[in-house]
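Per-entry structural report
Spelled out from the first residue to the last, the chains are:
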Amino acid sequence: MSAAGTGKKAVELKALQAALGAEHAAVYGYGVVGGRISAARRDEARAAYDAHRARRDELERLVRDLDGKPVASAAAYALPFAVPDSAAAVRLAAELEDRLAGVYGDLVRAAGGTRRRGAADALREAAVRAVRWRGESVAFPGLAERAAGPSASVAPPT
């Protein structure tokens, strides 16, 4: 493999690892959402939780396909705000999806072929879930939160 090919592979692997880390955080975050969400939206939260677990498992496989060692999940993650009730759980779910859209936007830029197509699908799914949770959309999913800060996932505890 050429030096350029090796560099592209490293960039793609780094973006896959970031997406995997964000999915680990989303799975954790949806555990919190599920514990606080109203009964009326519990099925929606469960479906998102299951989707993120499946996406996480897929990303672990993709990292291994590029000869990487998948990043491990943290034992716990710091939430961006307190989640005492259903309204806060809905806000957290929308925030998780927004952050995932940003990470998948980075993966779309870094990946090629079927991995790029998969990243675009994941970005779209995150954007659609964010709209469902929030009740409104943003012009460019995956870009709005970039101005707010450098992190694209729920942060591990410090």
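Starting from 1, residues in each chain are numbered consecutively following that chain's sequence as written. pLDDT decides what is reported in this predicted model: residues at 70 or higher carry local features, side-chain atom pairs at 80 or more are listed and counted, and totals for whole chains, interfaces and linings draw on all residues regardless. Excluding hydrogens and water, the side-chain values take into account all heavy atoms of the structure.

**So, the side chain of Glu60**
For clarity, the cut-off: Labels follow the DSSP assignment, with helices taken as runs of H or I lasting at least four residues and strands as runs of E lasting at least two, numbered in each case from the N terminus. Contacts were defined at the residue level, with two residues in contact if any of their heavy atoms lie within 4.5 Å.
With respect to the helices and strands, Glu60 occurs in helix α2 (residues 42–65). With near-sequence residues (within four places) excluded, Glu60 lies in contact with Leu20, His24 and Pro70.

**Digging into unusual backbone geometry**
To be explicit about the condition: With a 1.4 Å probe rolled over the protein chains alone, any residue whose accessible area is under 20% of its type maximum counts as buried; one over 50% counts as exposed, and the rest are partly exposed.
The backbone of Asp67 shows a phi angle near 65 degrees, a positive value even though the residue is not glycine. On the secondary structure map, Asp67 appears in the loop between α2 and α3 (86–110). The class for Asp67 is exposed, based on a relative accessible area of 65%.

**Focus on the environment of Arg115**
The following threshold applies: We call two N or O atoms a polar contact when they sit within 3.5 Å, provided that within protein one can donate a hydrogen and the other can accept it, with sequence-adjacent residues counted only if both atoms are side-chain atoms.
Structurally, the position occupied by Arg115 is in helix α4 (residues 113–134). For Arg115, a relative accessible area of 26% puts it in the partly exposed group. Sequence spacing of Arg115 and Leu62 is 53 residues, and the spatial spacing of their C-alpha atoms is 8.2 Å. A polar contact is formed between the side chain of Arg115 and the side chain of Glu12, at a distance of 2.4 Å.

**Regarding the nonpolar core**
Heads up, the condition is: Among buried residues, the Ala, Val, Leu, Ile, Met, Phe, Trp, Tyr and Cys ones that are joined through side-chain atoms within 4.5 Å form a nonpolar core.
Leu16, Ala19, Leu59, Leu100, Tyr104 and Leu107 are the most contacted members of the largest nonpolar core, which has 23 residues in total. Sorting the residues of this core by element identifies α1 (3–36), α2, α3 and α4 as the ones contributing at least two each. Formed by 15 residues, the second largest nonpolar core is a distinct cluster that contains Ala45, Ala89, Ala94 and Leu96.

**Considerations on α4**
Operational definition: One less than the number of residues in a helix, times 1.5 Å, gives the span that helix is expected to have.
Relative to the 32 Å expected for 22 residues at 1.5 Å per residue, α4 spans 32 Å between its end C-alpha atoms, a close match to the ideal helical length. Residues of α4 that are buried: Gly118, Ala119, Ala122, Leu123, Ala126, Ala127, Arg129, Ala130 and Trp133. Following α4 by one or two positions, Gly135 has its phi on the positive side, about 90 degrees.

**What to know about the environment of Asp65**
Its location among the elements puts Asp65 in helix α2. For Asp65 and Leu13, which are 52 residues apart along the polypeptide, the C-alpha to C-alpha distance reads 9.6 Å.

These figures come from the coordinates and say nothing about function on their own.
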